[in-house]
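# Observations on the three-dimensional arrangement
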Amino acid sequence: TEAALKFAYSQNYENSRSIFYISTGLAKQGKTIEATALLKEIPRCYESEYDDFTNAILESVFELIKNGNNKEAIEYARNIGSEMQKSSILRSISAELAMQDNYSEAKTVMIESLAFARGISNDWQKGSVLKDIAVEMCKQGQLEESLVIARGISVDWQKSITLKKDRKSTRLNSSHTD
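Reference entry: report on the structure contained in this document. Quick caveat: nothing in here was measured; it's all calculated off a predicted structure.

### Some details on the side chain of Gln-142
Within the secondary structure, Gln-142 sits in the loop between helix H8 (123-139) and helix H9 (143-151). Looking at Gln-142, the relative accessible area reads 9%, which means it is buried. Reaching out from Gln-142, the side chain makes a polar contact with the side chain of Gln-140 at a distance of 3.5 Å. Setting aside residues up to four positions removed in sequence, Gln-142 forms contacts with Lys-107 and Met-137.

Take a look at the structure:
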């Protein structure tokens, strides 16, 4: 680990990418304290590699959840610098917990995801994240809360898409309970 970190710090361009891959490796080994400490070292400007960064974090988070380390997975997600990524990853954690029939914890994590989403200043990014949260909440049976979120999206086309997806998810949920 130490040699990998030394190498990562010596590389200017790939510095942050190397650090978050090391961080995800540490998380998979259950070393969440070290992993989250590394996440804090990634400069925000390098988090623009959004998809790579998010996928690497999700891989670690799902590994932690699979091993029953839900609290560590949530803490790991909380230490990401970007509000958008925090919110998206916490939403994914909530979805995974719901699939494991852990609805109480899924709801708590979703509320936290929503709080981070509301802190996003860019309307387009906020709408994108809120759309995903509203759809997932609907899938988890939280229809009223989902509709409130969807109606509060300020970008009209995102609001429209979300409300259509909510309707579709509601029909799917109804057909499973009949």
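### Considerations on the pattern of salt bridges
Under the criterion given, the structure shown has five salt bridges. Close ionic contact of Glu-75 with Arg-78 constitutes a salt bridge, the shortest N to O distance being 3.2 Å. In this pair, Glu-75 and Arg-78 are both assigned in helix H5 (residues 70-78), three residues apart and thus about one turn of the helix distant. The exposure class assigned to Glu-75 is partly exposed, which follows from its relative accessible area of 36%. In this structure, the salt-bridge partner of Glu-83 is Lys-86, at a minimum N-O distance of 3.5 Å. With Glu-83 and Lys-86 both in helix H6 (residues 83-99) and three residues apart, this pair spans about one turn of that helix. Since its relative accessible area comes to 24%, Glu-83 is described here as partly exposed.

### Regarding unusual backbone geometry
For Asp-101, which is not glycine, the phi dihedral falls at a positive 65 degrees. By the element assignment, Asp-101 lies in the loop between H6 and helix H7 (103-118).

### Side note on the packing of H8 against H9
The relative placement of two packed helices is expressed as an angle between their axes plus a distance between the axes. In contact at an axis separation of 8 Å, H8 and H9 are set at 165 degrees when each is read in the N-to-C sense. Between H8 and H9, the interaxial angle falls into the category roughly antiparallel. Every pair of crossing elements has a handedness; the one defined by H8 and H9 is left-handed. Between H8 and H9, the contacting residues are Leu-130, Ile-133, Ala-134, Val-135, Met-137 and Cys-138 on the first element and Leu-143, Glu-145, Ser-146, Ile-149 and Ala-150 on the second. In terms of residue class, the contact of H8 with H9 is made up of nine nonpolar, one polar and one charged.

### Details of the environment of Asp-123
Relative to the assigned elements, Asp-123 resides in helix H8. For the pair Asp-123 and Ser-154, spaced 31 residues apart in sequence, the C-alpha to C-alpha distance is 6.9 Å.

### Regarding H9
Along H9, the residues classified as buried are Ser-146, Leu-147, Ile-149 and Ala-150. Buried residues of H9, viewed axially, fall in a sector of 160 degrees; they line one side. Exposed residues on H9 whose side chains face more than 90 degrees from its buried face are Glu-144, Val-148 and Arg-151.

The rules behind the values
Residues numbered from 1 in each chain as written. Predicted model: local features only at pLDDT ≥ 70, side-chain atom pairs only at ≥ 80, totals over all residues. Heavy atoms only, no water. Helix = DSSP H or I, 4+ residues; strand = E, 2+ residues; numbered from the N terminus. Buried < 20%, exposed > 50% of the residue type's maximum accessible area, 1.4 Å probe, protein only. Polar contact = N/O pair within 3.5 Å; in protein donor to acceptor, adjacent residues only side chain to side chain. Contact = heavy atoms within 4.5 Å. Salt bridge = Lys/Arg side-chain N within 4 Å of Asp/Glu carboxyl O. Axes fitted to C-alpha atoms, helices over the stretch in contact; angles between N-to-C directions. Parallel < 35°, antiparallel > 145°, perpendicular 65-115°, else oblique. Left-handed = near helix turned anticlockwise from the far one by under 90°. Nonpolar A, V, L, I, M, F, W, Y, C, P; charged D, E, K, R; others polar. Arc of directions from axis to C-beta.

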